[in-house]
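Single-letter residue listing:
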Amino acid sequence: MVEARQQSGYHRLVRDVGGLEPTPPSHHYTDRFGNTVWRLLTPEGPLRVHYDALADVPPEGDPVKPGLAKVPVAELPDDVLIYTLPSRYCHIDQFIDEAWDRFGAIRGGWEQAQAVCSHVHQSLRYEASSDAFTAAHTAYQSGSGVCRDFAHTAVAFCRALNLPARYVSGYLPDIDFTPTPGPMDFHAWTEVYLEGGWYAFDPRHDQHRTGRVLSAYGRDAVDVSFATFYGGTQMRGMKVWADQVDDNAVL
């Protein structure tokens, strides 16, 4: 699940190219969340998956909307209700008491979501200390994790407050931002449903950024994992890039 969406609130896809080497039987399908998934039966031996895209992004970056209201549960659209429920990595019952003690008195949906985002950013140290089995509460208690854990923890806190929240995966270039040391990776952030729709909150950086390119969203990392394997597979390497380029860039 590496393909950028054709269009999202973050970007417009100009063109893209991708493929498999060798070329086993494969096809694309759209899952329940609207994400594009490549499904393939791999032969024995090495397999290389590659994808490159050019996307147009607005210069102003993530919208900032102080004062946006929290939508009462009774007024949430049917397809949003799923994002108020527990999921595999976001066990909201473990966050409810602290969520209401810490954030319950904050007025305003935007202000409450931003307070969650800032708290998670301050509570977790960015460190490769988690694995594929680490849930939000485990990461929160340990005080460290990667962007996946930051996003899961923010999602769990928001859902505990009856703020619909979903996990988002995509690409994030360092536009107007000091590059983070180390190799680039897929980036995970949180979207919260408030009056008017879905809005981005990034607990890893606690900044509203420019240049997001959305690949997939869902309840948590189960729904948007960049690769799911059935059978014995060994990851030999991965390289992710997201760079600002001019209008004449060629894939």
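An account of the accompanying structure is given in this report. Note that this is a predicted model, so its numbers are computed, not measured.

### A look at the state of the cysteines
Alright, step 1. Evaluated as defined, the whole model comprises zero disulfides.
Alright, step 2. As a non-bridged cysteine, Cys90 has Cys158 as the owner of its nearest cysteine sulfur, 10 Å distant.
Alright, step 3. Using a relative accessible area of 0% as the deciding quantity, one classes Cys90 as buried.
Alright, step 4. Free cysteine Cys158: the closest other cysteine sulfur is in Cys117, separated by 8.4 Å.
Alright, step 5. By relative accessible area, Cys158 is classed as buried at 1%.

### With respect to the nonpolar core
Alright, step 1. In terms of nonpolar packing, the biggest core is built from 29 residues, with Val116, Phe157, Val192, Leu194 and Phe201 touching the most fellow members.
Alright, step 2. Those elements giving two or more residues to this core turn out to be α1 (96-103), α2 (109-123), α3 (136-142), α4 (147-160), β8 (187-194) and β9 (197-201).
Alright, step 3. If one sorts the elements of this core by residue count, α4 sits on top with seven residues.
Alright, step 4. Setting aside chain neighbours within four positions, we find Phe157 in contact with Phe95, Glu98, Ala99, Phe103, Val116, His119, Val120 and Tyr140.

Criteria and cut-off values
- Residues numbered from 1 in each chain as written.
- Predicted model: local features only at pLDDT ≥ 70, side-chain atom pairs only at ≥ 80, totals over all residues.
- Heavy atoms only, no water.
- Disulfide = S-S within 2.5 Å.
- Buried < 20%, exposed > 50% of the residue type's maximum accessible area, 1.4 Å probe, protein only.
- Core = buried A, V, L, I, M, F, W, Y, C linked by side-chain atoms within 4.5 Å.
- Helix = DSSP H or I, 4+ residues; strand = E, 2+ residues; numbered from the N terminus.
- Contact = heavy atoms within 4.5 Å.

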